[in-house]
Amino acid sequence: MPDPIQKAISLKVDSHPRLSEFNRLVYPVVSRRAGGISLGINLNPGKTCTYNCVYCQVDRTTEVKGLEVNLKQITEELEYWIKEIKDPGGSFADQVLKDVSIAGDGEPTLCKLLPNLLIELAAIKKRLRLDGCKLVLFTNGTNLARPELQVVLPEFYKNDGQIWFKLDFWDQSSFHRINRSKIAYSKILENLNTVGKKHPVIFQSCFFSWNNEAYIPTLYDPYVDFVKQLQKSGVRIEMIQVYTLARRPAEPSAKPWPDEVMDNIHESLSSKLDLKLSIIYSQSGKPQ
Ligand code: SF4
């Protein structure tokens, strides 16, 4: 591995360098969510997103110019990192590749290449025999219902594909307050229904303290009601992952909930929802 890249890689959970400054589109991270090494694919090196979440942890203070997304480069970089991770004497000794995830610095469903990439990932997984390695698409749902994406989703799911859908809101007002998107709330719901009624989805929900608000045990009851409604309408929810902040957010008024609050949220959601839950604490390293 070239020395500058070796130095830039951080195997800490509070830092996820994308390596864009080295013209890279794939980056390894130690992921709290995956519980090990995750290879991230950055489909948005230009950091474009349709949301403007108050808690966004993408560093937009630096700009990346001239890095274009292309499939050939992504494939070559993935193969390179997979070889590094499998090397018993390499930098990732004792680490296991848990997943290949499409995340990066913006919304992946905006990228034209996404359907081709999903097919390519399924092929790489078979070719390199990445048994047990999941393929993960993170999305805020903006273009999730694109017809050309619908065509490839069955193959993606057949190869351990998962969709992690960002769901931090419970109604139009919380959507505007937290995610601050210009995309219509109804459009996001429509997309979620289109995909979620055909394929299982995992919700990824960021809960945090906003403007010094105090935590009360009923704070997320509207979220619970909303999730129940979605379940009732036929959206197939496989799991919910609730997490709080670990890196610097867009707005300083967004603060991570402390561990005891996260425990309380876990208890409250578990007692009210018939769903598998996973809780990710701030940086305490507390087990999920
Ligand atoms: S959807 Fe993700 S990348 Fe976009 S603003 Fe929200 S947290 Fe940031």
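Residues numbered from 1 in each chain as written. Predicted model: local features only at pLDDT ≥ 70, side-chain atom pairs only at ≥ 80, totals over all residues. Heavy atoms only, no water.

Asks: What exactly am I supposed to notice about the environment of Asn 191 here?
Replies: When you line up the elements, Asn 191 lands in helix H6 (residues 185-196). As for Asn 191 and Arg 146, which are separated by 45 residues in sequence, their C-alpha atoms are 8.8 Å apart. When sequence neighbours within four positions are dropped, the list of residues in contact with Asn 191 reads Gly 141, Thr 142, Asn 143, Leu 144 and Ala 145. (Helix = DSSP H or I, 4+ residues; strand = E, 2+ residues; numbered from the N terminus. Contact = heavy atoms within 4.5 Å.)

Asks: Can you walk me through the pattern of salt bridges in this structure?
Replies: If charged atoms from side chains of opposite charge come close, those side chains can pair. Overall, the coordinates contain eight salt bridges when judged by the stated rule. In this structure, Lys 72 and Glu 76 form a salt bridge, with 3.0 Å as the shortest nitrogen-oxygen distance. With a gap of four residues between them, Lys 72 and Glu 76 both fall in helix H2 (residues 71-86), about one helical turn apart. For Glu 76, a relative accessible area of 44% gives the class partly exposed. Across the pair Lys 158 and Glu 155 runs a salt bridge whose closest N-O atoms are separated by 3.4 Å. In this pair, Lys 158 and Glu 155 are both assigned in helix H4 (residues 147-158), three residues apart and thus about one turn of the helix distant. Given a relative accessible area of 64%, Lys 158 falls into the exposed group. You can call Glu 155 partly exposed: its relative accessible area is 22%. Each of the salt bridges in this network shares a partner with another, and the network as a whole consists of Lys 126, Glu 155 and Lys 158. (Salt bridge = Lys/Arg side-chain N within 4 Å of Asp/Glu carboxyl O. Buried < 20%, exposed > 50% of the residue type's maximum accessible area, 1.4 Å probe, protein only.)

Asks: What exactly am I supposed to notice about the site of the ligand here?
Replies: Every residue close to the ligand is listed here: Cys 49, Tyr 51, Asn 52, Cys 53, Cys 56, Arg 60, Asn 140 and Lys 166. In terms of residue class, the shell around the ligand is built from four nonpolar, two polar and two charged. (Near = heavy atom within 4 Å. Nonpolar A, V, L, I, M, F, W, Y, C, P; charged D, E, K, R; others polar.)

Asks: I would appreciate a short explanation of helix H3 (residues 114-127) in the present structure.
Replies: Side chains three or four residues apart in an α-helix point the same way, a direct result of the helix having 3.6 residues per turn. For H3, with 14 residues, the first-to-last C-alpha span of 20 Å sits near the 20 Å given by 1.5 Å per residue. For H3, every residue scored as buried is listed here: Leu 114, Pro 115, Leu 117, Leu 118, Leu 121, Ala 122, Ile 124 and Lys 125. Contact partners of the buried residues in H3: strand S2 (36-41), H2, strand S3 (97-102), strand S4 (134-139) and H4. Downstream of H3 by a residue or two, Arg 129 has a phi angle that is positive, lying close to 50°. (Expected span 1.5 Å × (residues − 1).)

Asks: Please explain unusual backbone geometry as it appears in this structure.
Replies: Apart from glycine, the bulk of residues carry a negative phi angle, and the bulk of peptide bonds sit in the trans form. Its identity is not glycine, yet Arg 129 carries a phi of approximately 50°, on the positive side. Locating Arg 129 in the fold gives a position in the loop between H3 and S4.

Asks: Even after reading the chapter, I still don't get the pairing of strand S8 (residues 237-243), so can you show me in this structure?
Replies: Along any regular strand the residues' side chains alternate between the sheet's two faces. Extensive coverage of S8 is indicated by the burial of six of its seven residues. Pairing between strand S6 (residues 201-206) and S8: six bridges, direction parallel. By the bridge assignment for S8, Gln 204 is matched with Gln 241. Sheet topology note: the S8/strand S10 (residues 277-280) ladder contains four bridges and is parallel. Bridge pairing in S10 places Val 242 opposite Ile 279. (Pairing = 2+ DSSP bridges.)

Asks: Looking at this structure, how should I read the sheet that holds S8?
Replies: The strands that make up a sheet are held in pairs by hydrogen bonds between backbone atoms, and each pair lies either parallel or antiparallel. Across the sheet, eight strands lie side by side as S1-S2-S3-S4-S5-S6-S8-S10; this open sheet has mixed pairing. Strands with a single pairing partner mark the edges of an open sheet, and in this sheet they are strand S1 (26-31) and S10. Across the sheet, the mean angle from the axis of one strand to that of its neighbour is 25°, orientation sign disregarded. Of the strands in this sheet, S6 and S8 are in contact with helix H7 (residues 221-232), which crosses S8 at around 160°. (Axes fitted to C-alpha atoms, helices over the stretch in contact; angles between N-to-C directions.)

Asks: For this particular structure, what's the right way to read the nonpolar core?
Replies: Soluble globular proteins tend to bury their nonpolar side chains together. Counting residues in each nonpolar core, the largest one holds 84 residues, and the members touching the most others are Ile 41, Tyr 55, Leu 167, Phe 203, Ile 240 and Ile 265. Leaving out residues up to four positions away in the same chain, Phe 203 has contacts with Phe 165, Leu 167, Leu 192, Leu 230, Val 235, Ile 237, Met 239, Ile 240 and Gln 241. With eight residues, the next largest nonpolar core counts Ala 103, Val 136, Ile 202 and Met 239 among its residues. (Core = buried A, V, L, I, M, F, W, Y, C linked by side-chain atoms within 4.5 Å.)

By themselves, these figures tell us nothing about what the structure is for.
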